[in-house]
Amino acid sequence: DQTLWAFDAANPRYGFPHQAQPGECRVQCAGAVATPFPEAVEILLQLKAKPDSVTGWRVGVASANAQGKVCASLLLGFGLLQERRPRPGALRGGVEEALLEIHGGTKRAHFKRLAEVSGVGYPGMLFFDDRESNVRIAQGMGAVGHKVSPLEGLT
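Bear in mind the structure is a predicted one, so any value in this text is a computation, not a measurement. (Residues numbered from 1 in each chain as written. Predicted model: local features only at pLDDT ≥ 70, side-chain atom pairs only at ≥ 80, totals over all residues. Heavy atoms only, no water.)

1. What to know about the pairing of strand β9 (residues 144–147)
Part 1: Here four bridges tie strand β8 (residues 126–129) to β9, and the two strands are oriented parallel to one another. Looking across to β9, one finds that L126 is bridged to V144.
Part 2: The parallel pair β8 and β9 is bridged by helix α4 (residues 132–140), and the resulting crossover is right-handed. (Pairing = 2+ DSSP bridges. Helix = DSSP H or I, 4+ residues; strand = E, 2+ residues; numbered from the N terminus. Right-handed = clockwise from strand over helix to strand, strands pointing away.)

Printed below as a string of structure tokens:
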């Protein structure tokens, strides 16, 4: 969890109900206000705004967090989830809903599924995580992996 935000989304205080704060990148949760790392938001939006010459950047999430619905709701509230069937006025960038692998299990299983759904092979994947062991798994599968600070996230 400490790649896009500095909290554990499985903590009940970040649970439902969620209320996005209009015009702000923050979500009121059951017992706390959730905010992402500011630079992580900017990086995700810039990746989607500057596609490469052929297919553009595709952004997914591989997380073992047991609260997948909570995580997806937070991404949506932060304006970082590109929905399969976007609502009028919804953001068209960020993380693709079809590429959300947020559930218990191994990183290997997450990456295998992301490769199948996205059509992107492991050498074409760029992975960021706050855990060195997860970065090593990604690298062992052929992806480019980079460890981030759990205090700063994706920067």
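Okay, back to it.
2. Section: the sheet that holds strand β2 (residues 27–28)
Part 1: Pairing within the open sheet is antiparallel, and its three strands lie in the order β1-β2-β3. Sheet topology places β1 (19–20) and β3 (33–34) at the edges, where each strand pairs with a single neighbour.
Part 2: Sheet topology note: the β1/β2 ladder contains two bridges and is antiparallel. Residue Q19 lies in a different strand from β2, and its bridge partner there is Q28.

3. Thoughts on unusual backbone geometry
Part 1: Following F16, the chain continues into P17 via a peptide bond in cis, with omega recorded as 5°.
Part 2: For P17, the location among the structural elements is in the segment before β1.

4. Concerning the nonpolar core
Most often, soluble globular proteins keep nonpolar side chains buried together rather than apart.
Part 1: Ranked by internal contacts, the top residues of the largest apolar core, which has 27 residues, are W5, L74, L75 and L100.
Part 2: Looking at this core element by element, the count peaks at five residues for helix α2 (residues 68–77).
Part 3: Those residues within four positions of L75 in sequence are excluded, and the remaining contacts are L4, W5, V61, L80, L81 and L100.
Part 4: Core analysis: the second largest hydrophobic core is formed by eleven residues, M125, F127, A138 and A143 among them. (Core = buried A, V, L, I, M, F, W, Y, C linked by side-chain atoms within 4.5 Å. Buried < 20%, exposed > 50% of the residue type's maximum accessible area, 1.4 Å probe, protein only. Contact = heavy atoms within 4.5 Å.)

5. Looking at a nonpolar patch on the surface
Part 1: Together, W57, L126 and V144 line one region of the surface with nonpolar side chains, adding up to about 280 Å² of accessible area.
Part 2: Residue position: L126 is located in strand β8. (Patch = residues over 30% accessible without salt bridge, like charges linked within 9 Å, V, L, I, M, F, W, Y side chains within 5 Å. Areas by Shrake-Rupley, 256 points an atom, 1.4 Å probe, with all protein chains shown as cover. Salt bridge = Lys/Arg side-chain N within 4 Å of Asp/Glu carboxyl O.)

6. Concerning the side chain of H18
Part 1: As for its position among the elements, H18 is in the segment before β1.
Part 2: Given a relative accessible area of 18%, H18 falls into the buried group.
Part 3: Among the polar contacts made by the side chain of H18, one reaches the side chain of S73 at a distance of 2.7 Å.
Part 4: Those residues in contact with H18 that lie beyond four places of it in its chain are V27, Q28, C29, V70, S73 and L74. (Polar contact = N/O pair within 3.5 Å; in protein donor to acceptor, adjacent residues only side chain to side chain.)

7. Some points on the packing of aromatic side chains
Part 1: Across all of its chains, the model carries four aromatic pairs by this definition.
Part 2: Here F7 and Y14 contribute two aromatic rings whose centre-to-centre distance is 4.1 Å and whose plane-to-plane angle is 20°, an arrangement assigned as stacked. As far as burial versus exposure is concerned, F7 and Y14 are alike and both buried.
Part 3: Judged by centre distance (4.8 Å) and plane angle (85°), the ring pair of F111 and F127 falls under edge-to-face. On the criterion of sequence distance, the pair formed by F111 in helix α3 (residues 107–118) and F127 in strand β8 is long-range, its members being 16 residues apart.
Part 4: On the accessibility criterion, F111 (3% relative accessible area) is buried.
Part 5: A residue is classified by how much of its surface remains accessible, and F127, at 8% relative accessible area, is buried. (Phe/Tyr/Trp six-rings, centres within 6.5 Å; stacked < 30°, edge-to-face > 60°.)

8. Thoughts on α2
Part 1: Counting buried positions over the ten residues of α2 gives eight, a clear majority of the element.
Part 2: For α2, the complete set of buried residues consists of G68, V70, C71, A72, S73, L74, L75 and G77.
Part 3: The inward-facing, buried residues of α2 contact β1, β2, β3, β4 (61–63), β5 (81–82) and β7 (100–102).
Part 4: G79 sits one or two residues past α2 and shows a positive phi near 80°.

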